[in-house]
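Below are the chains, spelled out letter by letter.
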Amino acid sequence: MTSALGSAPAGSGIASRPGGGNPARPHRKRRWSRTAQWVGWIWVLPALLMYGFFVLRPLVLTVQYSLYQWNGIGAATFVGLENYLTVFTDRDLLKIITNAFVLIIFFSFIPVALGLLVASLVRRITGGPAGTVVRTVLFLPQVIPLVAAGIAWSWMLSSSGLINQALRAVGLDGLTKSWLGEFSTALPAVGVIGTWVMLGLCTILLVTGMSKIDPSLYEAARMDGAGPIREFFAVTLPSLRQEIGVCLTVTVIAALASFDIVYISTSGGPGIQTTVPGLEIYRLAFSQRQVGLASALGVVLMLLVLLCVLPIQRLTRGEKA
Amino acid sequence: MNLTSRSERLTGRIFLIALVVVTLLPFLSMLSAALQPRGTVPTGLAWPSDPQWSNFADAFTAANMGALLKSSMLIVAGVVPIGVLIATMAGFGLGHLRVPGGHIAFGLLLLGLTLPFEAVVTPLYYQMRDLGLLNTRWAIILPLIGLYMPFAVFWMRAHFTNVPRELSEAARVDGSNTWQLFWRVHVPLARPAIASLTILLFLWTWNQFLLAIVMVDDATKRTMAGALGAFQGQWGTDLVLLCAGSLLILTPTLIVFLIFQRQFIKALLQGSVKG
């Protein structure tokens, strides 16, 4: 780096003039600002190379594969946009994409709604040991692998699991079932696992945001005779916009791109009742050897995530007074 | 605070406690199942009359825990130091040196910030096959470093953008070159940001599932999460052993989490806000 600095072109006349006094110092400074700035790319390059080779290149290849019919071994045939046509017209694939959107209700909406409820009631978690315990426990689902959450909940939701045990204990024997195994309940049951994973994070994020709201806002609201509900809509909701945005962004991505939980708890079954795009890409690419279709679904999934996340970012980050 | 009525605060407490209980229940239910005698069909949550702690020893052998731990640690050792180092360097270049055209590089990286791994896993598989790295830990390590770069560089750049430039100019007058400047001045100052990033990358690597099952067939060469997936596949019908094994596989993460609990929560909160 020093040698590159030394060979810098000395075209720095204009900038060094106003300095006057000592001609050596400004001259040196000027040299650093021009060449060294380009040399600075050396710092960025390793990260960029890794990113380029292991993300951008595969990304371009995904788009390329998506235009071909290829079994991963033999010759590929160019089919244009046919794979995309399949993604948007095949009934099974459409159902699979819809499933991901249904999961948003459980991964995003329920945790954010419950988190808001708890946050507006609790206002803040105390700093004492009790607060630490609460925070630590609520973060557990974020720390363990999703695979473990899937295993734990498959057991909880199984026919001899805790959920059915609880139902029997209160005399609701009629409601007991194998929650992940039945057509009508499988997808919501998978969703519940997501709710469990996301609820703690959302709650803590929202409570943390809550503790930053100026209490005088609530004072003013109460003076105006606002009840808890109006207070919530007039003060809490607008003040927490940014935190809600963060929760929604994180959880919507987790729902749309879900894989681990579904793979472990149901493998997409029964039928394709709980299959999500991530799982279908895996299956198409590695079991059914339909690389082209898998890639088209991958591109669609990527765009769907962007399509959902960008408006959330705009709505919640846009103009925060 | 005194504005919140007593009943509201009480309801809030009750909700919070309920939340804590619901979060803990799956773990307790797994523990109660793990302690039942082998070969029985456990029920949801029932403390066994005769807890079989030896089930954990069986699961330790069945899961090949020693090999799994070693494998996960090797993968973490490959991903985290290199990932953190090159992300810190890039963050320094983009946020502090402000290289010309840096916004283009940054824009490219932002593209990857919301990218689902599933969208690139297929070509990555063929790429790794062509490199002859399938079924080696490199097939997990190398792509993960690349896939973490958008977030990691974004994170470190945010730190370096806020470092006053005068700091570098003062050091330059002392005759330090950029390399010395980076190591002696900027890395020590960036320690909190680097610590959080290290924690996040460790956690994400340890828990990485998709790449592990796609790239590596041998469970003992995978990440912990990948190994857990294989363990479920193998022992899915033996619920007692499955629960014991899952809890065992979770233990290292839980211990690390409990030790660095404060830093973890800080990192995860900041991580989700910035990401």
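Residues numbered from 1 in each chain as written. Chains lettered and ligands numbered in written order. Predicted model: local features only at pLDDT ≥ 70, side-chain atom pairs only at ≥ 80, totals over all residues.

Let us now look at the overall build of chain B. Scanning chain B from terminus to terminus reveals 13 helices and 0 strands. Helices (α) and strands (β) of chain B occur, in sequence order from the N terminus, as α-α-α-α-α-α-α-α-α-α-α-α-α. Dimensions along the principal axes, computed over C-alpha positions, put chain B at roughly 75 × 65 × 35 Å. The buried share among the 275 residues of chain B stands at 49%. Within chain B, residue pairs in contact and separated by at least 24 positions form 72% of the contacts whose partners lie at least 6 positions apart. (Helix = DSSP H or I, 4+ residues; strand = E, 2+ residues; numbered from the N terminus. Buried ≥ 20, exposed ≤ 12 C-beta atoms within 10 Å, placed from the backbone. Contact = placed C-beta atoms within 7 Å.)

Another point: the overall build of chain A. The secondary structure content of chain A amounts to 16 helices and 2 strands. A burial count over chain A gives 43% of its 321 residues as buried. At a minimum sequence separation of 6, the contacts of chain A that also span at least 24 residues come to 72%.

Residues and elements named next belong to chain B. Within this structure's numbering, the places UniProt gives as "transmembrane region" (unreviewed entry) are residues 12-35, 73-92, 104-126, 138-156, 193-216 and 239-260. Here residues 104-126 runs as 74% helix and 0% strand, with 28 Å between its end C-alpha atoms. In residues 193-216, helix accounts for 83% and strand for 0%; the two terminal C-alpha atoms are 32 Å from one another. (UniProt positions renumbered as here; feature names shortened; annotations may be inferred.)

Residue and element names in this part refer to chain B. Under the domain assignment used here, chain B contains domain 1 (6-52) and domain 2 (63-274). A C-alpha centroid distance of 33 Å is found between domain 1 and domain 2. Domain 1 puts 7 residues into the contact, and the matching count from domain 2 is 7 residues. A breakdown of the residues in the side of domain 1 that touches domain 2 according to their chemical character gives 5 nonpolar, 1 polar and 1 charged. (Domains from an automatic or database assignment. Nonpolar A, V, L, I, M, F, W, Y, C, P; charged D, E, K, R; others polar.)

Attention now moves to the packing of helix α7 (residues 129-143) of chain A against helix α10 (residues 186-210) of chain A. All names here are of chain A. Viewed as axis vectors pointing N to C, α7 and α10 meet at an angle of 135°, and their least axial separation amounts to 7 Å. The angle between α7 and α10 places the two elements in the oblique class. In this structure, α7 meets α10 at a crossing whose hand is left-handed. For the pair α7 and α10, the contacting residues are Arg 135, Leu 138, Phe 139, Pro 141 and Gln 142 in the first and Trp 196, Val 197, Gly 200, Leu 201, Thr 203 and Ile 204 in the second. In the contact of α7 with α10, the residues fall into 7 nonpolar, 3 polar and 1 charged. (Axes fitted to C-alpha atoms, helices over the stretch in contact; angles between N-to-C directions. Parallel < 35°, antiparallel > 145°, perpendicular 65-115°, else oblique. Left-handed = near helix turned anticlockwise from the far one by under 90°.)

If you trace the backbone, Leu45(A) turns up in helix α4 (residues 41-65). Here the alpha-carbon distance between Leu45(A) and Pro145(A), two residues 100 residues apart in the chain, equals 32 Å.

The subject of this paragraph is the UniProt feature "transmembrane region" (unreviewed entry) in chain A. Residues and elements named next belong to chain A. According to UniProt, the positions carrying the feature "transmembrane region" (unreviewed entry) are residues 38-60, 96-121, 133-156, 186-207, 244-264 and 291-312. Helix and strand shares over residues 96-121 are 100% and 0% respectively, and the end C-alpha atoms of the span are 38 Å apart. Between the end C-alpha atoms of residues 244-264 there is a gap of 29 Å, over a span that is 86% helix and 0% strand.

Moving on, we come to the environment of Leu167(B). Note that Leu167(B) resides in helix α7 (residues 166-173). Between the alpha carbons of Leu167(B) and Trp47(B) there is a distance of 61 Å; along the sequence they are 120 residues apart.

This part is about the interface of chain B and chain A. Taken together, the contact pairs 82 residues of chain B with 85 residues of chain A. Of the residues forming the side of chain B that touches chain A, the biggest block, 15 residues, is contributed by helix α1 (residues 6-34) of chain B. For the side of chain B that touches chain A, the residue count by class is 56 nonpolar, 23 polar and 3 charged.

It is worth spelling out unusual backbone geometry at this point. Residues other than glycine predominantly adopt negative phi, and peptide bonds predominantly adopt the trans conformation. All names here are of chain A. Here the bond from Gly 269 into Pro 270 is cis, since omega is -5°, no more than 30 degrees from zero. Note that Pro 270 resides in the loop between α14 (260-265) and α15 (277-286). One non-glycine residue, Arg 289, lies in the positive phi region at around 55°. Tracing the backbone shows Arg 289 in the loop between α15 and α16 (291-317).

Right, let's get into the packing of helix α6 (residues 91-122) of chain A against α10(A). All names here are of chain A. Where α6 contacts α10, the two axes come as close as 7 Å, and the packing angle between them is 35°. In the crossing of α6 with α10, the sense of the turn from one axis to the other is right-handed. Taken together, the residues that form the contact of α6 with α10 break down as 22 nonpolar, 7 polar and no charged.

Next up on the list: helix α5 (residues 118-130) of chain B. Given a rise of 1.5 Å per residue, 13 residues ought to cover 18 Å, and the 19 Å separating the end C-alpha atoms of α5(B) matches this to within 8%. A bend of about 25° at Leu124(B) is the largest found in α5(B). In terms of residue burial, α5(B) counts as a mostly covered element, since 10 of its 13 residues are buried. Considered for burial, the residues of α5(B) that qualify are Glu118(B), Ala119(B), Val120(B), Val121(B), Thr122(B), Pro123(B), Leu124(B), Tyr125(B), Gln127(B) and Met128(B). On its buried side, α5(B) packs onto α4, α15 and α16 of chain A together with α6 (138-161) and α10 (210-215) of chain B. (Expected span 1.5 Å × (residues − 1). Bend = angle between axes of the 7 residues up to and from the residue.)

All names here are of chain A. Summary statistics for chain A give a mean pLDDT of 85 and a share of 86% for residues scoring 70 or more. Mean pLDDT in chain A bottoms out at helix α1 (residues 2-6), which sits at 33, and peaks at α15, which reaches 95. Long-range and interchain partners of residues 1-30, a stretch whose pLDDT sits below 50, account for 23 contacts in this model, where long-range means more than four residues apart. (pLDDT = per-residue confidence, 0-100.)

Bringing α6(A) into the picture now. The terminal C-alpha atoms of α6(A) lie 46 Å apart, and with 32 residues this matches the ideal 46 Å at 1.5 Å per residue to within 8%. Residue Arg123(A) follows α6(A) closely and has a positive phi angle near 65°.

A word on the environment of Gly150(A). Residues and elements named next belong to chain A. With respect to the helices and strands, the residue Gly 150 is situated in helix α8 (residues 146-156). Here the alpha-carbon distance between Gly 150 and Gly 194, two residues 44 residues apart in the chain, equals 9.1 Å. When near neighbours in sequence (up to four residues on either side) are disregarded, Gly 150 contacts Ile 193, Asp 260, Ile 261, Ile 264 and Ser 265.

Moving on to the confidence of the model for chain B. Model confidence for chain B is summarised by a mean pLDDT of 88, while 97% of its residues fall at 70 or above. Quick note on the complex model: pTM equals 0.87, ipTM equals 0.89.

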